[in-house]
Structures are given as C-alpha cells and as structure tokens.
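Here are the chains, one letter per residue:
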Amino acid sequence: QVQLVESGGGLVQSGGSLRLSCAASGRIFSIPVMGWYRQAPGSQRQLVATVNSGGTTRYADSVKGRITISRNNANNTVALQMSSLKPEDTAVYYCHGLLSSYEFPVPRDYWGQGTQVTVSS
C-alpha cells in the first residue's frame, strides 16, 4: 500500500526556520510530481511548492525566496526548507504525490496525514 509520511513540523519563532520531510513508501513505479500544500484554519488547502521528476520546481508567490523544495529520487523523499517564517505561514502542511504504483499503474494523487507548523510572533 502506498503511503506518504511527513515529519519536521513544530513551533517556531517569527523569522525562524524549519525543514519538513516526506517519505513515500510502497510498491512505487514512478513519481512524476511531489509537492507540499498547506491549509490554515478557516481556509482552503493551497499549493506551497512542487517539484517534478526532472527537478523543475514551482512555488507559490507568497513563499518564493523563503522556501526551497527538493527531492531525493533514490529514496522517494521530498523536503521543504523554510526560512524567514511569518505568522501567516501557520498551517497544517500536507505532502502530496502524483505517482504510479505496481498496484495502480495509472498516476494518481496521494496525500500525507499533515504536520502542524505554528509560527509565533
């Protein structure tokens, strides 16, 4: 069974840094896209950053310059390095993968359970 597991969330002071990680496991064939989304209280889930299998990245305008996404294709992990954090960054961060598995060869969406990031003033 395919599973995405996140780690690295927590409480940080405004201006501080955090690094989130996500590991995909299961009988995975390929992962065309991996990324991070976030959902603040009372808000819709929104894209933070994505990276495709070729290393091409995409960022939300609100985080560009402060956040870097990277992936390790050898172990199917994706990381989100965050710096200069603001209270507005407070949200539950979700790992996302568009991937194909041996069980389901056609690429489909998978989501992690989410990890809380809280930025205090």
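Shown above is the structure to which this text applies.
These remarks concern the structure in this document. (Residues numbered from 1 in each chain as written. Predicted model: local features only at pLDDT ≥ 70, side-chain atom pairs only at ≥ 80, totals over all residues. Heavy atoms only, no water.)

### Description of the overall build of the protein
Next, step 1: A tally of helices and strands in the protein yields 0 helices and 11 strands.
Next, step 2: Across the protein, helices and strands are ordered from the amino to the carboxyl terminus as β-β-β-β-β-β-β-β-β-β-β.
Next, step 3: In summary, the protein has a C-alpha radius of gyration of 14 Å against a globular reference of 14 Å for 121 residues, a match within 12%.
Next, step 4: Dimensions along the principal axes, computed over C-alpha positions, put the protein at roughly 45 × 25 × 20 Å.
Next, step 5: The burial tally for the protein puts 40% of its 121 residues in the buried class. (Helix = DSSP H or I, 4+ residues; strand = E, 2+ residues; numbered from the N terminus. Rg over C-alpha atoms; globule rule 2.2 N^0.38 Å. Buried < 20%, exposed > 50% of the residue type's maximum accessible area, 1.4 Å probe, protein only.)

### So, unusual backbone geometry
Next, step 1: A positive phi angle is found at Asn76, which is not glycine, with a value near 55 degrees.
Next, step 2: Position of Asn76 among the secondary structure elements: in the loop between strand 7 (67–72) and strand 8 (77–82).
Next, step 3: Backbone geometry at Ser84 places phi at a positive 50 degrees, although glycine is not the residue there.
Next, step 4: Relative to the elements of secondary structure, Ser84 occurs in the loop between strand 8 and strand 9 (91–101).

### Here's the deal with the pairing of strand 4 (residues 28–39)
Next, step 1: As judged from the 9 bridges shared by strand 4 and strand 9, these two strands associate in the antiparallel manner. Residue pairing in the sheet places Ile28 in a bridge with Ser101 of strand 9.
Next, step 2: Inspection of the sheet shows strand 4 paired to strand 5 (residues 46–52) by 6 bridges, in the antiparallel sense. The partner of Met34 across the bridge, within strand 5, is Val51.
Next, step 3: Adjacent in sequence and paired antiparallel, strand 4 and strand 5 are bridged by 6 residues, among which Gly42 carries a positive phi angle near 75 degrees. (Pairing = 2+ DSSP bridges.)

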